[in-house]
Amino acid sequence: MFEIVQETVQYIQDKLNFSPEYGVILGSGLGGFTEDIEVEYTLPYNEIPNFPVSTVQGHKGALVFGKINGKNVVAMQGRFHFYEGYDMKEVTFPVRVMKYLGVKKLVVSNASGGVNPNYKVGDIVIIYDHINFMPEHPLRGKNDERFGPRFVNMSEPYSKNLIDKAKKLAQNLNIEVKDGIYLGLQGPTFETLSEYRMVKILGADCVGMSTVPEVIVARHMEMECFGVSVITDMGDENNINTVSHDEVLEAAKKAEPQVRLLIKQLIATD
Ligand code: HPA
């Protein structure tokens, strides 16, 4: 796999002559972030050798390269989910590629269901930890030491440094943020009420179907991570909800301007 990653990196470098320092993975309904980038190049996934191709409605598939306040950024417009049928190596392949393009700091965003009763729909949550409940581990199998060690320390998956900066920024920008623990499930079903209860009992604040594998692989390669989640629905064990993909996209869209601003300023002032 190391060689395959290098082949993809080589292809991109030959084409672009651009070295991003920041990587951003845009979650459901947050794709508009690319408008905040002074775009220099856009590479659709289907033109990139060895890249999987995105399938879900609402997720565009392209790598977008450009600048935010002079900082070199690559954004993934659309990500790969395990529930789409990709294996974890495919889900996390773009993170490997980002690393060897030069990315040191990875910002991941997503939409999630809130189980913390202090949350409400539309809340912006800074993820300070996660619980991996995905059925396959992205680092399972023979370890390639060129990427990172066999046994990865996960005691600070999300950079305290970036979390502190983001919280201060949010305050200055008058953006209300909460923080919380994200639990990753495979989906594609939303949770039963009992599963939402389980998520809560397990100690998480919100639940979604992405992010965890990407952050694991990023930490394998010692990338610094920052995660932000938009609460698009509430999973309350006592109340039937109406969550659907449309509802998720709609709620995420409403929060998008503030999430965009936060990520943009985090990168701009870093
Ligand atoms: N559960 C899982 N994933 C999600 C949810 C949810 O309630 N909302 C948005 N993504």
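Higher on the page you've got the structure.
Computed from a predicted model, the values in this text were never measured in an experiment.

A. Local environment of the site of the ligand. Residues in close proximity to the ligand include A111, S112, G113, F190, E191, Y196, V207, G208, M209, T232, D233 and V248, which together make up its full environment. Contacts to the ligand include A111, whose backbone N or O atom sits 3.3 Å from a nitrogen atom. Note that an oxygen atom of the ligand is positioned 2.6 Å from one of the side-chain N or O atoms of D233. Taken by itself the ligand offers 260 Å² of open surface, and the protein chains cover 96% of this. For the shell around the ligand, the elements supplying multiple residues, two or more each, are β5 (105-114), β8 (206-208) and β9 (224-234). Element by element, the count of residues in the shell around the ligand is highest for β5, at 3 residues. A per-class count over the shell around the ligand returns 6 nonpolar, 4 polar and 2 charged.

B. Broad picture of empty space enclosed by the protein. A complete count under the given rule lists 2 cavities of 30 Å³ or more for this structure. Approximately 40 Å³ is the volume found for the largest cavity. Of the residues that constitute the lining of the largest cavity, the class distribution is 7 nonpolar, no polar and 2 charged. Considered as a void within the structure, the second largest cavity measures approximately 40 Å³ in volume. Contributing to the lining of the second largest cavity are F80, H81, F82, V91, M134, M209, S210, T211, P213 and E214. The residue makeup of the lining of the second largest cavity, split by class, is 6 nonpolar, 3 polar and 1 charged.

C. Structural detail: the pairing of strand β6 (residues 124-132). Judged from the 8 bridges that link them, β6 and strand β7 (residues 177-184) form a sheet pairing that is parallel. Across the sheet, V125 pairs through a bridge with K178, a residue of β7. Summarising the sheet, β6 and β9 pair through 4 bridges and their orientation is antiparallel. Within the sheet, the bridge partner assigned to I127 lies in β9 and is G227.

D. Focus on the environment of Y11. Looking at the element boundaries, Y11 is found in helix α1 (residues 2-16). By relative accessible area, which is 26% here, Y11 ends up partly exposed. Residues Y11 and E90, spaced 79 residues apart in sequence, show a C-alpha to C-alpha distance of 18 Å. Sequence-distant contacts of Y11, defined by excluding residues within four places in its chain, comprise E47, I48 and P49.

E. Representation of the side chain of T92. With respect to the secondary-structure elements, T92 resides in the loop between α2 (88-91) and α3 (93-101). What makes T92 buried here is its relative accessible area of 1%. Polar side-chain contacts of T92 include one of 2.7 Å to the backbone oxygen of M88. Excluding residues within four positions of it along the chain, T92 makes contact with P138, P213, E214 and V217.

F. Spatial organisation of the state of the cysteines. Counted by the stated rule, this structure contains 0 disulfides. Not part of a disulfide, C206 finds its nearest cysteine sulfur in C225, a span of 16 Å.

G. Structural view of unusual backbone geometry. Omega for the peptide link from G187 to P188 comes to 5°, which places this bond in the cis form. Relative to the helices and strands, P188 is located in the loop between β7 and α5 (193-201). Its identity as a non-glycine residue notwithstanding, N17 has a phi of 55°, on the positive side. The phi angle at T211 is positive, at roughly 65°, despite the residue not being glycine. For T211, a relative accessible area of 0% translates into the label buried.

Procedures and definitions
- Residues numbered from 1 in each chain as written.
- Predicted model: local features only at pLDDT ≥ 70, side-chain atom pairs only at ≥ 80, totals over all residues.
- Heavy atoms only, no water.
- Near = heavy atom within 4 Å.
- Polar contact = N/O pair within 3.5 Å; in protein donor to acceptor, adjacent residues only side chain to side chain.
- Areas by Shrake-Rupley, 256 points an atom, 1.4 Å probe, with all protein chains shown as cover.
- Helix = DSSP H or I, 4+ residues; strand = E, 2+ residues; numbered from the N terminus.
- Nonpolar A, V, L, I, M, F, W, Y, C, P; charged D, E, K, R; others polar.
- 1 Å grid on protein atoms, 1.4 Å probe; cavity = no way out; pocket = protein on both sides within 12 Å on 5 of 7 lines; lining within 4 Å.
- Points joined across faces, edges and corners; volume = space filled by probe spheres on them.
- Pairing = 2+ DSSP bridges.
- Buried < 20%, exposed > 50% of the residue type's maximum accessible area, 1.4 Å probe, protein only.
- Contact = heavy atoms within 4.5 Å.
- Disulfide = S-S within 2.5 Å.

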